[in-house]
Every structure is written in C-alpha cells, then in structure tokens.
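Chain by chain, the residues:
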Amino acid sequence: MLRFASPVYLLLLLLIPYLVYRYRRQSGVIGPLVFSDVRRITRALGISDSSSAAVPIRHRARTLLFVLRTLMIILVIIALARPQSELITEEVITHGVDILLLVDISGSMELIDQPFGGDRDRLSITKEVVRDFIKGRENDRIGLVVYAGEAYTRSPLTVDYGILTSFLEKTEIGDVTEEGTAIGLAIATGLSRIRHTEAKNKVMVLITDGQNNRGEITPVDAAKMAEKLGIKIYTIGVGTSGPVFARYKSFFGPELRRVQGEEVDEKTLREVADTTGGKYFRALDREGLEAIFQEISSLEKSEIETKGHRRFQELFPYALVPALLLFLLEIILANTRLRKLP
C-alpha cells in the first residue's frame, strides 16, 4: 500500500501547467522570420542549404531541456511529499506454562510392579515417562521437587531442559534420607517455588504410589493454599494394588521377594486435584502413565499471541535520485550539444 507522509507538497504540481504555458508563450514571441525563399540569403552568407535546414532542428531540440527540467521538478515535488510503502509485520509472543513436577522417591517407588514396569522398579519407569514429557514441551519453565519423608527442590523452574533432564536422571531412592511419604509437604514446597512467578498458568504435577504419612501439612490443606494462589494440581497414582516384588541382597546375590504393596490413597489425591481445578489419574502400567502425561500436555498448552505492527518504508529516494540525474543531464546538454550561443 502506497501513501504520502506529506501530501500537501503535491499541491505544487499545480504549477506544472503554468510552467508549460509560460514556456510555450515565450517560444511563440521570438519566432523565426518567414521568407518565401531563403536560398539567396544563405548563399550571400556563405551558408550551405544543409546547415540552414539543421538550424530549426537544433532549435526544436532545445525543447528537450525544458522537458528534462519539468520532469526534474515533478520528481522533486514527489520526493518532498515523502512516498511510503506500508509494511505489516507480525510478532509472535508465546506465554509458557510454569510446571512443577513433584516426584515421589520414597522406598516404595523401588518396588517392582510387573503390570506397571515389568522387571523394572516404579521410579525408573516414572523417570523415563517424565523425561519424555519434558522433551515434548516448548516455551514452558519446568522445575522438579522430590520428596519422601521430607521434600526439597531438585531443580528450580527453568527452560534448560537438558539440565533438568540431567537432574531427573540422577535422582535415586535414598536422595531424601527421611523415610515416609510427605505429600502435603511436597505440595507446600512446590508452592513456595511457583507462587511468585509471573506466568499466567501455574501447574503442579504430583506423582506418588502411596499415602501421606509424614509432615505437619495435610495434602488437602496444601491444596487449599494452592487453590487460593490459582495454582492447579494434577495428581497421579502409580502402580497396581496387590502383591509386588522387592529386591533383597542374599548370600547368593540379589533376589526378588514378593511383598504386599501399599495402597494408593485415591480419595485424597482426587480431593487435592478437585480442590485446585486439576484432575486425578491412575496409572496401572507404563502405557497408562504415558497417556496421562499426554493428556496433561494437551490440557496445559502454551498460549501463542500474534500482534501486527505497521511500518512504513521511505520511497522518496526513488524519486530524488532520478531528479538529480535529470538535473545533471540538463546541465551537460545545455553546455554541450544544446548550448545556446549569445
């Protein structure tokens, strides 16, 4: 789209017809003398017939100087009016989600639940699924809190997924020496990390295979605090109910023994999620856990905002440069081929 930043200068174009009229009038006042036969005069002056014919041609060619000057004036006026082309650019602004992962690393997460992970323990499977979830996110800050009988921040909120994944992979059973499962304390620890961030959407994803049995803060009370702060909590209960296997060291080496697994407190986890506007999930196997994280990822999408900005590119050089060239051409012709003799 073309526009003029100073269109008032275009009014000067009204002078062009006046300049043309004035030039034509001056050309008509000083006209050539008309003779019925000029051959005698040219012979008396010693001028050949061919050169006498060239005189009016050269005279008419001087009109070119006026044309060049007129075009130059028109181009200068256009340049003064500042022609501009409009450019519309788009700015893409992404608003990421702050996601804090609360991962249970209590002793029960070392149990081998064959329907859940085959011959691998619950924590190993959980870490792999969480790692894939982290890699699938974009523009989001993600942090990691691990807990057992106590809770501590393993990684603050960050967009450096490489470092975060490294912290996750190095997380092991026993990193928290206090035994037990302090779900309420884990939520409270997460709230202290995420409550003051500037993100529009703040989410915590809590993973556990047991029940809250440590800490002075109950999960429901912690959830009420999260609800007041506008922080959503998704809770995930992992593992199946019934007999599971635990690794023991014996005289003959490591062996698996069947033990009774701890029941997931689904009622409390569901109440925590409902209180904050989140959702409770139960993962009975690896595929189920992967599907859960895929659903969470679809529910908590980053917002993409597009803003249009109008910019204008100056085009006056495209008129000014030709005007200068025409001016130089007029000077050259006026002093060479079309020079006017006194």
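As the structure is a computational prediction, the values presented were derived from the model and not from experiment.

**Q** What is the right way to look at unusual backbone geometry in this model?
**A** Peptide bonds are trans in most cases, and residues, glycine excluded, mostly fall at negative phi. With a phi close to 55 degrees, Arg-82 is a non-glycine residue in the positive phi region. As for its position among the elements, Arg-82 is in the loop between α4 (63–80) and β2 (83–95).

**Q** Explain the nonpolar core to me, please; I cannot follow it from the model alone.
**A** The nonpolar side chains of a soluble globular protein tend to be buried, and buried together. Grouped together as the largest cluster of nonpolar side chains are 33 residues, with contacts concentrated most on Leu-101, Val-205, Ile-236 and Phe-293. Elements with a contribution of two residues or more to this core: β3 (97–104), α6 (122–135), β4 (141–147), α7 (161–169), β6 (201–208), β7 (232–238), β10 (280–283) and α11 (286–299). Tallying contributions element by element places α6 first for this core, with six residues. Not counting chain neighbours up to four residues away, the residues in contact with Val-205 comprise Ile-99, Leu-100, Leu-101, Leu-102, Tyr-234, Ile-236, Phe-293 and Ile-296. Ranked by size, the runner-up nonpolar core spans 23 residues in total, among them Leu-102, Leu-157, Ile-233 and Tyr-280.

**Q** I would appreciate a short explanation of the sheet that holds β10 in the present structure.
**A** Sheet strands pair by backbone hydrogen bonding; their relative direction is either parallel or antiparallel. Taken in spatial order, the six strands line up as β5-β4-β3-β6-β7-β10 in an open sheet, and their pairing is mixed. The strands lining the two open edges of the sheet, one partner per strand, are β5 (151–158) and β10. For this sheet, the mean inter-axis angle between neighbouring strands, taken without regard to orientation, is 15 degrees. In this sheet, β5 lies alongside β4 in antiparallel orientation, the contact comprising five bridges. Of the residues in β5, the one forming a bridge with Val-146 is Tyr-152. Strands β3, β4 and β6 of the sheet are contacted by α6, whose axis makes an angle of about 175 degrees with β3.

**Q** Sorry, what's going on with helix α12 (residues 317–334) here?
**A** An α-helical segment advances 3.6 residues per turn. Residues three or four places apart therefore align on the same side. With 18 residues, α12 should cover 26 Å at 1.5 Å per step; its first-to-last C-alpha distance of 25 Å lies within 8% of that length. Every buried residue of α12 is listed here: Ala-319, Ala-323, Leu-326, Glu-330 and Leu-333. All buried residues of α12 lie within an arc of 95 degrees about the axis, which places them on one face of the element. Packing partners of the buried residues in α12 comprise α4.

**Q** Would you mind showing me how to read the confidence of the model for the chain here?
**A** In regions of low pLDDT, the predicted coordinates are not meant to be interpreted in detail. On average, the chain scores 83 in pLDDT, and the residues at 70 or more come to 80%. A low-confidence stretch, residues 29–35 (pLDDT under 50), is modelled with one contact involving residues beyond four sequence positions or located in other chains. This stretch, residues 50–55, has a pLDDT under 50; its non-local contacts, to residues over four places away or in other chains, come to two contacts.

**Q** Where do I start with α6 in this structure?
**A** Between its first and last C-alpha atoms α6 spans 20 Å; for 14 residues at 1.5 Å apiece the expected length is 20 Å, and the two agree. Burial analysis of α6 places 10 of its 14 residues in the buried class, which makes it a mostly covered element. Of all the residues in α6, the buried ones are Arg-122, Leu-123, Ile-125, Thr-126, Lys-127, Glu-128, Val-129, Val-130, Phe-133 and Ile-134.

**Q** Looking at this model, I keep getting lost on the pairing of β4. Mind explaining?
**A** Remember that side chains alternate between the two faces of the sheet whenever the strand is regular. Counting buried residues along β4, six of its seven residues qualify, which places the element largely inside the surrounding structure. Pairing between β3 and β4: seven bridges, direction parallel. From the neighbouring strand, Val-103 faces β4, where its bridge partner is Val-146. Taking the residues between adjacent antiparallel strands as the criterion, β4 and β5 are bridged by three residues.

Calculation rules
Counting restarts for each chain: residues are numbered from 1 in the order of the written sequence. A pLDDT threshold of at least 70 governs which residues receive local features in this predicted model, and a stricter bar of 80 or more applies before side-chain atom pairs are shown or counted, although totals over entire chains, interfaces and linings include all residues. No hydrogens and no water enter the side-chain calculation; it runs on all heavy atoms of the structure. Secondary structure counts use DSSP, requiring at least four H or I residues in a row for a helix and at least two E residues in a row for a strand, with both numbered from the N terminus. To define a nonpolar core, start from buried Ala, Val, Leu, Ile, Met, Phe, Trp, Tyr and Cys residues and group those joined through side-chain atoms within 4.5 Å. Between buried and exposed lies partly exposed: a residue is buried under 20% and exposed over 50% of the maximum accessible area for its type, with that area taken using a 1.4 Å probe on protein chains only. Whether two residues are in contact is decided by their heavy atoms, any of which lying within 4.5 Å being enough. A pair of strands counts as paired when DSSP detects no fewer than two bridges linking them. To define axes, lines are fitted to C-alpha atoms, for helices over the stretch in contact only, and angles between the resulting N-to-C directions are given on a 0 to 180 degree scale. Expected span of a helix: the number of residues minus one, times 1.5 Å. Note that the arc is computed from the directions linking the helix axis to the C-beta atoms. For every residue, the predictor assigns a confidence score, pLDDT, that lies between 0 and 100.

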